[in-house]
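Secondary and tertiary structure notes
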Amino acid sequence: MKFLKKVFLSIAFIAVTSLGTTSANAACKVHLGDFDWDSANVHTAIVGYILEKGYGCQVEVTKGSTSPIMAAHYDQQLDIITEVWRDNIVQMHEEAVAAGKIIELGINTPSSTQGFYVDKPTADKYGLKSVEDMKKPEIAKLFADPEAPGKGRMTSCISGWTCYTINLVKHKVYGLDEYYTNFDPGSGGALDAAIAGAFKKGKPVFSYYWTPTGLMGKVDLVQLEEPAYDNECWTKMMAVVEKIKADGPDAYTDTCASAYVNMALTKSASTTFANKKSNKKIIDFIRAYSVPTPDVNRSLAFYMDESGGDMEATAKHFLSNSGMWMSWVPADVAAKVKDSL
Amino acid sequence: MGKYKKYIFYSLYLAAFIAMVVIAYTSSKYKPDSVAVLFTDFSWLGNWPKWLDLPLMPYLNEGFDKLIREYGMFFEGINNFLLGLYTDMKNFMVGLPWPLLMISVIALAYFASGRNMGTTIMVAFCVFFLGFLSPRYWDKCIMTTCIVVIGMLLCLIIGIPVGIMMARNKKVRNAILPILDLMQTIPSFCYLIPGILLFGLGAVPAIFAIFVYAVPPLIRLTDLGIRLVDTEVVEAAEAFGASKKQKLWGVQLPLALPNIMQGINQCTMMALAMVVIASMIGTRGIGDEVLLGLQQLNVGMATEAGIAIVLLAIIFDRITQSYGEKIQERTNTKKIKL
């Protein structure tokens, strides 16, 4: 009996150890930083998949909200970020670049839209087309802010992001501040939930929002026209924005304002990671990586409606249905990725 | 029959489990062509098979959508009531000149602590430092205080009766304890985000979150406090012919009061902790200063606001704690007189 037990135990031990060694020793290790919004998740999943299957790297992903992730990235703990909303964190990002903590790897999504949106039913009913149309007390009443009686509420950007202050200035310049509060939703998830919740209840929505996002495909939002983007005007406005960020809202001075410029989303790598010779091929790949907005939106729609919340399946779906990624990587890597699909 | 009752229960559990597996299998997109494949191809034993996936998520989503669609008005009503209460209270307190508000808080501390000078001076310092740290903090602390106080009132109105019911009836206790465990362990974002969908952004989902997070210790300590009352004292009351109501109000509650006060104190502290988390769902207050500091990687700003929250917590803690001590002293002296 004792003998049998020993035999059994040793077989079990051998089985476990052999299982442990079958996972191949990875040639490289990459630590990706990911954020709490879905377009970043898609890019991280695609990049992670290619690195894992094509380059045979061991990929680790850490996910969090903007500031902790960026702080860890500047601190060299996270190697690569695939979607940086550069303009929203421009100050600390440029500081980190100047200090040699990170290097920028070019543009990922060439254009992203930001702006003020109203839900389509309300926009059609009241003929709301531009921000000027919003400046009526009876329209403001539709979007009533329960915490500020007599005013409407525009759910704005998250305070701490530059877009919050930009929206604040725009409100003043357009004269919206008389009718609406510039309401900080606190986090990206809360902003999404506020829009989705209003749609579910069939209530009017007036909100700042952006694309590419998964939610945009599910709800019907109409962008309000603003004065067209003008570089000179924008620079002037940004000077005021920076002043407000430093000294508080009282620092506001008269300025002009225009629509958001189409913002490019960038990529970056930590200097320590980029300087390692063995990582050169990975850096080249990330540099070449770029997905246009419509493709991101398609992937997001697939993620939300068909994948059942599975990001890896979304990445595979993108890789099997689009050939654009073949040009990012050498032929041998592309072949390996293709085999794994 | 009684002997087999246990087995009947076990087989019911087993049946429910099998039903779940069958539902998971039949509703899965990834199931193999036929069940027979499972017995010829054993690859599914390697990794957790994709078809063995309980479709809980779609059900929950559907249920939640239905809740919003059909009971939206009901939540709207709660929302309007709580929001009205909050706005009135906030506007009143913000409208008061700050020295007046400060003096009232100090007076409250003075009388609640039974004219204890040490506590009063401590509270006075903390109140002054709230505004002293940064003038912006004063109004924000008032907002936070209003949310905490309303959340606490809600906890008291619901928590104490539930605690009493639990202490009186073992069956109720067995039913409620797992719910309390759930409320204390479920991550706060699981109910914060649905809170937005139900109530919209702002103060009300925060009050709702405070209730979920802070009521369990109050219920537990009320229950414990009443059960810890000396059985001999209760028996004595019964011997004198006290009715159930008299027993509760005259004996059990007064003797359990120190424990209940401890529960209220814990409830306040947890409410304050939740207010900071709630700033992530757009709740105005001192918490959004912390969040703003973190979002801008401004450690000084976040820490400064963090200190303000600690001061606020000390104020709440000192007032409720010393009031509890005062009550305890009073009941103790009563006992000696008896």
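Residues numbered from 1 in each chain as written. Chains lettered and ligands numbered in written order. Predicted model: local features only at pLDDT ≥ 70, side-chain atom pairs only at ≥ 80, totals over all residues.

Looking now at the interface of chain B and chain A. On the chain A side, the residues contacting the 25 residues of chain B number 24 residues. Every element with two or more residues in the side of chain B that touches chain A is listed here: α3 (56–95), α8 (188–199) and α12 (287–295) of chain B. In terms of residues, the side of chain B that touches chain A owes the most to one element, α3 of chain B, which gives 6 residues. Here the side of chain B that touches chain A is composed, by residue class, of 13 nonpolar, 9 polar and 3 charged. (Contact = placed C-beta atoms within 7 Å. Helix = DSSP H or I, 4+ residues; strand = E, 2+ residues; numbered from the N terminus. Nonpolar A, V, L, I, M, F, W, Y, C, P; charged D, E, K, R; others polar.)

Membership of the largest hydrophobic core comes to 114 residues, with the highest contact counts inside it found for I147, A214, A271, M274 and L312 of chain B. Among the elements that take part in this core, helix α9 (residues 203–228) of chain B stands out by supplying 16 residues, more than any other. Excluding residues within four positions of it along the chain, A214 of chain B makes contact with G151, C155, C267, M270, A271 and M274 of chain B. Listed in part, the 45 residues of the second largest apolar core include I81, I286, Y303 and W325 of chain A. (Core = buried A, V, L, I, M, F, W, Y, C linked by C-beta atoms within 7 Å. Buried ≥ 20, exposed ≤ 12 C-beta atoms within 10 Å, placed from the backbone.)

Residues and elements named next belong to chain B. Counting all residues, the mean pLDDT for chain B is 87, and 97% of those residues have values of 70 or more. At the level of individual helices and strands, chain B shows its lowest average pLDDT in helix α2 (residues 37–40), which scores 81, and its highest in helix α7 (residues 170–185), which scores 93. Across the interfaces of the predicted complex, the ipTM metric reaches 0.71, alongside a pTM of 0.76. (pLDDT = per-residue confidence, 0-100.)

To continue, consider the pairing of strand β6 (residues 152–155) of chain A. All names here are of chain A. Both faces of β6 are covered, namely the face carrying G152 and M154 and the face carrying R153 and T155. Bridge analysis of β6 against strand β7 (residues 180–183) gives 4 bridges, and the strand direction is parallel. Counterpart to T155 in the pairing with β7 is F183. Each parallel crossover has a hand, and the one from β6 via helix α7 (residues 162–174) to β7 is right-handed. (Pairing = 2+ DSSP bridges. Right-handed = clockwise from strand over helix to strand, strands pointing away.)

So, about helix α13 (residues 311–321) of chain A. All names here are of chain A. Inspection of α13 places M311, T314, A315, F318 and L319 among the buried residues, and these make up the whole buried set. Within α13, the buried residues cover an arc of 130° as seen down the axis, which keeps them to one side. What points out from α13, more than 90 degrees from its buried face, is the exposed set S320 and N321. Residues of α13 that are buried in the fold lie against α2 (38–53), α12 (293–305) and α14 (331–340). (Arc of directions from axis to C-beta.)

Below, the discussion takes up the domain arrangement of chain A. All names here are of chain A. The domains assigned to chain A are domain 1 (27–111 + 263–340) and domain 2 (114–251). On the side of domain 2, 13 residues touch domain 1, which itself brings 17 residues to the contact. Secondary structure elements with two or more residues in the side of domain 1 that touches domain 2: α2 and α12. The element best represented in the side of domain 1 that touches domain 2 is α12, accounting for 7 residues. Here the side of domain 1 that touches domain 2 is composed, by residue class, of 8 nonpolar, 6 polar and 3 charged. (Domains from an automatic or database assignment.)

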